[in-house]
Amino acid sequence: MSADGTWKITVQTPMGNQSSTLELQSDGALLTGTQSGNGESGAIYDGAVDGDTATWKVDITRPLALTVTFNATVSGDKISGTAEAGMFPPSPFSGTRA
């Protein structure tokens with residue numbers, strides 16, 4: 001299933017739910033795009049897709065300066081997986097195609 005498109009996701013972090021909007025575009029196995037939320041926006045990097053799985057990283061500065069690594073599974077118009085940020089345990093996330 002294609003990861004391409006706009007997604008509204010919510011990450012369940014130790015500091016509460018964090019919502020963001022993803023704009024994803026795949027080209028073969030390469031995944032690019034942007035992620036915005038919590039008053040900031042940035043390009044994703046190290047993005048890859050393989051079948052119904054997608055991975056990417058994004059740097060955030062709020063509430064802490066961290067690199068967040070996302071591991072996702074796409075199923076139709078739903079996306080879910082984990083987000084790993086620094087020393088924090090993996091946090092589940094889920095969302096839908098906008």
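Scroll up to find the structure.
As a starting point, this report considers the structure included with it. (Residues numbered from 1 in each chain as written. Predicted model: local features only at pLDDT ≥ 70, side-chain atom pairs only at ≥ 80, totals over all residues. Heavy atoms only, no water.)

**Considerations on the pairing of strand 2 (residues 16-27)**
Every other side chain in a regular strand lies on the same face of the sheet, so the side chains alternate between the two faces.
For step 1, the next point in the chain: Strand direction decides the pairing type here: strand 1 (residues 5-13) and strand 2, joined by 9 bridges, are antiparallel. Within the sheet, the bridge partner assigned to threonine 6 lies in strand 2 and is glutamate 23.
For step 2, the next point in the chain: The hairpin formed by strand 1 and strand 2 contains 2 residues between the paired strands.
For step 3, the next point in the chain: Examined bridge by bridge, strand 2 and strand 3 (residues 30-37) share 7 bridges and lie antiparallel to one another. Bridge pairing links aspartate 27 to leucine 30 in strand 3.
For step 4, the next point in the chain: Between the antiparallel neighbours strand 2 and strand 3 lie 2 residues, among them glycine 28 with a positive phi of about 65 degrees. (Pairing = 2+ DSSP bridges. Helix = DSSP H or I, 4+ residues; strand = E, 2+ residues; numbered from the N terminus.)

**Focus: the nonpolar core**
For step 1, the next point in the chain: Formed by 21 residues in total, the largest nonpolar core has its most connected members in Ile9, Leu31, Trp56, Phe70, Ile79 and Phe93.
For step 2, the next point in the chain: With 5 residues, strand 7 (residues 66-75) is the largest single contributor of residues to this core.
For step 3, the next point in the chain: Apart from the residues within four sequence positions on either side, isoleucine 79 is in contact with Trp7, Ile9, Trp56, Ala72, Thr73, Val74, Phe93, Ser94 and Gly95. (Core = buried A, V, L, I, M, F, W, Y, C linked by side-chain atoms within 4.5 Å. Buried < 20%, exposed > 50% of the residue type's maximum accessible area, 1.4 Å probe, protein only. Contact = heavy atoms within 4.5 Å.)

**Let's talk about unusual backbone geometry**
For step 1, the next point in the chain: The phi dihedral of asparagine 38 falls on the positive side, at around 55 degrees, and the residue is not glycine.
For step 2, the next point in the chain: Mapping asparagine 38 onto the fold places it in the loop between strand 3 and strand 4 (40-43).
For step 3, the next point in the chain: In this structure asparagine 38 comes out as partly exposed when scored by relative accessible area, which is 40%.
For step 4, the next point in the chain: A positive phi is found at aspartate 46, a non-glycine position, where the angle reads about 55 degrees.
For step 5, the next point in the chain: Structurally, aspartate 46 is set in strand 5 (residues 45-50).

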